[in-house]
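# Observations on the model geometry
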Amino acid sequence: MADHVELRTGAYLDSVTLMQISRTVASAPGVEAAQVAMATELNLEVIRGMGFDVPDSAPNDLVVAIRGDEAGIAAGQAALETALTQSRAAAGSSGGFGDAPAARTLGGAIRLSGADLALVSVPGEHAVTEALDAVRAGVSVMVFSDNVRVEDEVRLKDAAAAADVLVMGPDCGTAVVGGVALGFANVVRPGSVGLVAASGTGAQQVMCLLDAAGVGISHCLGVGGRDLSSAVAARSTKQALAALAADPETTSVVVVSKPPAPEVLADLQAYAAGLGKPVHWATLGAGRPDLTAAVESVLSAVGATVPEWPTWEASGSPAAPGSSGSSGSLRGLFCGGTLADEAMLVAGEVLGDIRSNIPLRPELALGADLRDPGHVVIDFGDDTMTRGRAHPMIDPSLRLDRIAVEAADPTCGVLLLDLVLGHGAHADPAPELAAAVRAARETAAAAGRDLPVVVSVTGTASDPQGLERSARALADARADVLLSNAAATRRALHLLGHDVPAPERAPGDTAYARVAGTATGAGTEPLHGLLSADVTVAAAGVSLFSDALRAQAVSVTEASWQPPMPGTAGELGRVLADPRRDAANAEALRRMTAAGADLVDVRPAHEVLGLERGTFLHAGPPIEFARASGPLKGALIGAMLFEGLADTAEEAEARLEKGDGITLEPCHHRDAVGPMAGVISPSMWVYELRDEVHDNTSWCSLNEGLGKVLRYGAYGPEVIDRLRWMNTVLGPILQQAVRARVEQQGSIDVKAIIAQMLQMGDEGHNRNRAGSLMLLRELLPTMITADASSADIAEAVRFSGANEHFFLNLGMPACKLSTLAAHGIPGSSVVTTMARNGTDFGIRVSGTGDAWFTGPANTPEGLFLGSYGPDDANPDIGDSAITETAGIGGFAMAAAPAIVKFVGGDVPFALRATQTMYEITVGEHTAYQVPILEFRGTPTGIDVAAVARTGILPQINTGMAGRVAGTGQVGAGLVTPPEQCFTQALTALAAAARED
């Protein structure tokens, strides 16, 4: 036997899907053992416990572990790929030519679909982030996720109330809205009884009993298991009651709950008295009716007949009560928490104290091993038992294992189990449970014991698993099966030797009778009309729930959700909760799109940037010469030669290394930008652009063309000669041309040229053909009349016209003006600078001032010139990523599909790239539009929080400089920033975040 272990990054799948895939792989021929899981601490413990050696990994990595012979491992890998393909296809992630990728967040899925209801089933630590997307979009949301902090639940529900939407959950297992079953929900007949449920399986039990009695429901609005706690104080319950009171299809309401806080229940009963519709109470607690009794009271109140509740007797001779009476202990093993609570309340009246992991009193809590020789009830669906694994209604393996343990325990007198059917649950759980029951009875019999088993089945005749078939399978395994959980508990007590009389039916119990009053809010339609709509759903999390909705012919849009960047969850929550953030980001976007960009002059750098001799500006964040990359060193050497500060390259390098009389500073520190190495020296000429809207100015050097040029790190004689010609001829001619143009017609609107070039096939970073020609059209009439020789004018025109990147050096400062306008807004998480120096990649963020957040620059991947290859390329370099920061360049690839011929990829990639960038930006540019996307504005305003949340990094188109100083350009390609830039920025934003 051999082991195959591999890690896959960027391949997140939910725990339920991975459980199903693991089973598929493990069943492949020749496979002895297999596990496919995310590399969480819990999963790694399981995989290593199976004997696999797992390499270092991160929680967002997918671990594939297969053990078998050579053929078995091959078969397992084939089964894995097939299962993954089927999973992606089921989620709708395989798009056609250039189709937009699936949204990564619930908010994105809502925007794409226009859904009016949302479903969140992601791990609990991330659930509030997704649910807030729905609340902000004005959409009610069911939060299936558990392990959510109670203070986050309160914050979420307060936000929902302000937005007039309902938060169902967290830890809401069941809901039915307009006949659409969400989460774990049974197929019940439609009717006029509405449910508000602070309990999942409790609601299912009530609905199934009503269905068995021929009574249907209008809606079941789950509110989460803690909603009736003191901390949450019925926030969602009150909203749900008000919505059902206003719903014309609902004639009476039932409130279902685990034991509520007494003061909350009293307040809620007073609130319900003013709603104008009968409200019945199925709220568990000491001295209160069980759920079955509560349903019987409702049936009497609505004039329906109370039936004999279905039972399925064990096959063969009936199990006899334990011969030793109370010597045997009750062992209740439940998937449903409310059913477990009910069993303890019913049995506790007879047995006394029952120990549990969800005890009725704190002193009855079980230890970590969940073992005790006395009476025990365990909820396998409790939050502490579902971290990192599927709910037991989906994956019952933990309970099945415990059944075997109890079978071998001589103190176990009766096993009391539940089985919950319906949408979202295990497709066919009864055979596995029946096999476990049969094996348990056989184990006990082999030890000379009789082990009775009682099962409550929560289901209806219309459930996909089949109520009758499921119950009969368990009865054939010699279990007593009952539809009523309370009756099943009493049956278990009877089998333990206790005389338990059936409860009297009391439909008129005044504590739980209808409470009527005067309707409030008549004529209004709360929750944005949710209860009267044809529901469409946006979902993030467990695909099984989306599949269940599709089986009901409900339109579902799934987010291709994955956890945020590792280690960012807490900081992300603080940033997203900053009350300033939404308005600050909206203001940043407004300023970015409103900023002007007019070419007003061409001047020497020392005049406008205040550069003294020996001061050089460079691209990217701050860096010392010792750490500079080859291209930056080459450009600085060339600038030294150009300025006459050295006679040879060796002398220049020596002076730079020594630093005597030399100052290096980022272009951005003086509101300038420089392509590639970005070196600007005092004698160079620069374009001057103005944003009159925000009173800002930006500058950029003149473009030298392609090939061996200073900005790519070349410094040979031809480079220096060209710079001197640009200094003595091109710069003065352009200055005259621009000034004459300004005097005659006004400044040149560079922003308008960018808008037009995007509609002509340019993207503004690596493709500037149309932009360069449009700029030349504006300048040519005054260039040819400049005070210079006809030969110099002709050469200047020829040089400018032959340079396809002539416009880039105006597009960059135009973009700088856009982002500069958005800089310095407190609370804003919008990126206002992305820049690289060939060693480090750095970003700056609106809400954190001038601080740089840096990480090692990545090396672009793309197409190479001549014989150059990947080993020749230097890591990413240049200020030109300011174009992407402002919403063009790589963010506008869809406008320039021909760019792939220069940077690599294909046309569908170019289309997807732009559409993906919408996931990490705060909005769309009002002026820069993409024709092929029906003139949708380019994605603008990179949001640090969105990048950290989705793991999507900004897409940048770029040229590639040679690694060795003096080489020049070696190609062009695609690159993304390092994650560290964004995680550092998120930390700073979290530290500066304000709380309500």
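Above this text you will find the structure in question.
Notes on the structure in this doc start here.

Rules used throughout
Residues numbered from 1 in each chain as written. Predicted model: local features only at pLDDT ≥ 70, side-chain atom pairs only at ≥ 80, totals over all residues. Heavy atoms only, no water. Helix = DSSP H or I, 4+ residues; strand = E, 2+ residues; numbered from the N terminus. Buried < 20%, exposed > 50% of the residue type's maximum accessible area, 1.4 Å probe, protein only. Areas by Shrake-Rupley, 256 points an atom, 1.4 Å probe, with all protein chains shown as cover. Pairing = 2+ DSSP bridges. Contact = heavy atoms within 4.5 Å. Axes fitted to C-alpha atoms, helices over the stretch in contact; angles between N-to-C directions. Expected span 1.5 Å × (residues − 1). Parallel < 35°, antiparallel > 145°, perpendicular 65-115°, else oblique. Left-handed = near helix turned anticlockwise from the far one by under 90°. Core = buried A, V, L, I, M, F, W, Y, C linked by side-chain atoms within 4.5 Å. 1 Å grid on protein atoms, 1.4 Å probe; cavity = no way out; pocket = protein on both sides within 12 Å on 5 of 7 lines; lining within 4 Å. Points joined across faces, edges and corners; volume = space filled by probe spheres on them. Nonpolar A, V, L, I, M, F, W, Y, C, P; charged D, E, K, R; others polar. Arc of directions from axis to C-beta. Salt bridge = Lys/Arg side-chain N within 4 Å of Asp/Glu carboxyl O. Phe/Tyr/Trp six-rings, centres within 6.5 Å; stacked < 30°, edge-to-face > 60°. Lys NZ or Arg CZ within 6 Å of the ring centre and 35° of its normal.

## What to know about the overall build of the chain
- Secondary structure assignment for the chain yields 31 helices and 37 strands.
- Taking the principal axes of its C-alpha atoms as reference, the chain extends roughly 115 × 70 × 45 Å.
- Taken over 996 residues, the chain has a buried fraction of 60%.
- A total accessible area of about 35200 Å² is found for the chain, and carbon and sulfur atoms account for 51% of it.

## Let's talk about the sheet that holds strand 4 (residues 117-120)
- Spatially, five strands are ordered 6-5-4-20-21 in an open sheet, and the strand pairing comes out parallel. With partners counted over all chains shown, the strands left at the sheet margins are strand 6 (167-168) and strand 21 (556-558), one partner each.
- Of the strands in this sheet, strand 4, strand 20 (537-540) and strand 21 are in contact with helix 4 (residues 106-113), which crosses strand 20 at around 155°.

## Some points on helix 11 (residues 337-351)
- The end-to-end C-alpha distance of helix 11 is 20 Å, a good match for the 21 Å that 15 residues give at a rise of 1.5 Å each.
- By the criterion of burial, helix 11 is predominantly enclosed, with twelve of the 15 residues buried.
- Within the span of helix 11, buried status applies to G337, T338, L339, A340, D341, E342, A343, M344, L345, V346, A347 and L351.
- Positive backbone phi, at 85°, marks G352, one or two positions downstream of helix 11.

## Here's the deal with the environment of V377
- Locating V377 in the fold gives a position in strand 16 (residues 376-379).
- Separated by 33 residues in the primary sequence, V377 and M344 place their C-alpha atoms 7.1 Å from one another.
- Residue contacts for V377: discarding those within four places in its chain leaves G332, F334, A340, M344, I354, R355, S356 and N357.

## Some points on the sheet that holds strand 28 (residues 748-749)
- Spatial strand order, 25-27-26-22-28: five strands in an open sheet with mixed pairing. Looking at strand neighbours, the two that pair on one side only are strand 25 (672-673) and strand 28, the edges of this open sheet.
- Its contacts with the sheet place helix 22 (residues 717-745) against strand 22 (598-604), strand 26 (685-691) and strand 28, and it is angled at close to 145° to strand 22.

## Notes on the side chain of S236
- Tracing the backbone through its elements, the reader meets S236 in helix 8 (residues 235-245).
- Apart from residues no more than four positions distant in its own chain, S236 is found in contact with K157, L166, V167, V223 and D227.

## Details of the packing of helix 13 (residues 430-446) against helix 14 (residues 467-476)
- It is at 8 Å that the axes of helix 13 and helix 14 come closest, and there the two elements cross at 15°. Classified by the interaxial angle, the pair formed by helix 13 and helix 14 is roughly parallel. Crossing of helix 13 against helix 14: the hand is right-handed. Contact with helix 13, carried on its side by A430, L433, A434 and R438, involves S470, A473, L474 and D476 of helix 14 and no other residues of that element.

## Quick word on the environment of V922
- Considering the arrangement of structural elements, one finds V922 in strand 34 (residues 921-930).
- For V922, a relative accessible area of 29% gives the class partly exposed.
- On a C-alpha basis, the gap between V922 and G941 in space is 5.3 Å, while along the polypeptide they are 19 residues apart.
- Apart from the residues within four sequence positions on either side, V922 is in contact with N585, L589, V830, T940, G941 and D943.

## Some details on the nonpolar core
- L599, Y687, L689, L734, V750, I754 and L779 are the most contacted members of the largest nonpolar core, which totals 84 residues.
- It is helix 22 that provides the largest number of residues to this core, a total of eleven residues.
- Other than its neighbours up to four places away in sequence, L779 contacts L734, A737, V738, I748 and F806.
- Counting 73 residues, the second largest nonpolar core, distinct from the first, contains W281, L339, V377 and L530.

## A few points about unusual backbone geometry
- The omega torsion across G169 and P170 is 0°, close enough to zero to call that bond cis.
- Relative to the helices and strands, P170 is located in the loop between strand 6 and strand 7 (174-177).
- A positive phi angle is found at L370, which is not glycine, with a value near 55°.
- Within the element layout of this structure, L370 appears in the loop between strand 15 (355-356) and strand 16.
- Backbone geometry at H528 places phi at a positive 55°, although glycine is not the residue there.
- Mapped onto the secondary structure, H528 falls in the loop between helix 15 (485-495) and strand 20.

## Some details on empty space enclosed by the protein
- The full count for this structure, using the stated rule, is seven cavities of 30 Å³ or more.
- What the largest cavity holds in volume is close to 180 Å³.
- M684, S701, L702, E704 and L723 are, among the 16 residues lining the largest cavity, the residues nearest its centre.
- Per element, the largest residue contribution to the lining of the largest cavity is three residues, and it comes from helix 22.
- When its residues are assigned to classes, the lining of the largest cavity shows nine nonpolar, five polar and two charged.
- Looking at the second largest cavity, its volume works out to about 120 Å³.
- Lining the second largest cavity are 13 residues, and of these P392, P396, R399, L419 and P429 sit closest to its centre.
- Broken down by secondary-structure element, the contributors of at least two residues to the lining of the second largest cavity are helix 12 (397-407), strand 17 (412-420) and helix 13.
- Among the elements that take part in the lining of the second largest cavity, strand 17 stands out by supplying three residues, more than any other.
- Residues of the lining of the second largest cavity, tallied by class, amount to nine nonpolar, one polar and three charged.

## Details of the side chain of T489
- Structurally, T489 is set in helix 15.
- Apart from residues lying up to four places away in sequence, T489 is in contact with A343, V346, A347 and L416.

## Concerning helix 2 (residues 41-49)
- Taken together, the buried positions of helix 2 are occupied by N43, L44 and I47. End-on, the buried residues of helix 2 take up no more than an arc of 100°, which puts them together on one face. Residues of helix 2 that are exposed and point more than 90 degrees away from the buried face comprise E41, E45 and G49.
- Contacts from the buried residues of helix 2 go to strand 2 (31-38) and strand 3 (62-68).
- Just downstream of helix 2, G51 is the residue with a positive phi angle, here 95°.

## A few points about the pairing of strand 27 (residues 696-701)
- Most of strand 27 is tucked away: six of the six residues are buried.
- The two faces of strand 27 match: N696, S698 and C700 on one face and T697, W699 and S701 on the other face are all buried.
- One ladder, built from two bridges, connects strand 25 with strand 27; its direction is parallel. Paired with A672 across the bridge in strand 27 is W699.
- Turn length for the strand 26-strand 27 hairpin, with the two strands adjacent in sequence and antiparallel, is four residues, and the turn residue D695 shows positive phi of about 60°.

## What about the pattern of salt bridges?
- Summed over the entire model, instances satisfying the criterion amount to 50 salt bridges.
- Between D582 and R136 there is a salt bridge; the shortest N-O distance is 3.5 Å. Within this pair, whereas D582 is found in helix 18 (residues 581-594), its partner R136 is found in helix 5 (residues 124-136), the two being separated by 446 residues in sequence.
- Under the relative-accessibility criterion, R136 is labelled partly exposed at 42%.
- Through salt bridges with shared partners, a single network forms among R331, R371, R402, E406 and D409.

## Overview of the packing of aromatic side chains
- Using the criterion set out here, one finds five aromatic pairs in the structure.
- Residues W725 and F799 carry aromatic rings whose centres are separated by 5.3 Å and whose planes lie at 65° to one another, so their mutual orientation is edge-to-face. Remark: F799 occurs in helix 25 (residues 790-802) and W725 occurs in helix 22; sequence separation between them is 74 residues. Summarising the burial analysis for this pair, W725 and F799 share the class buried.
- Members of the aromatic cluster, each reached through a chain of ring pairs, are F144, F184 and F545.
- Sitting over the face of the ring of F52, R67 holds its NZ or CZ atom 4.2 Å from the ring centroid.

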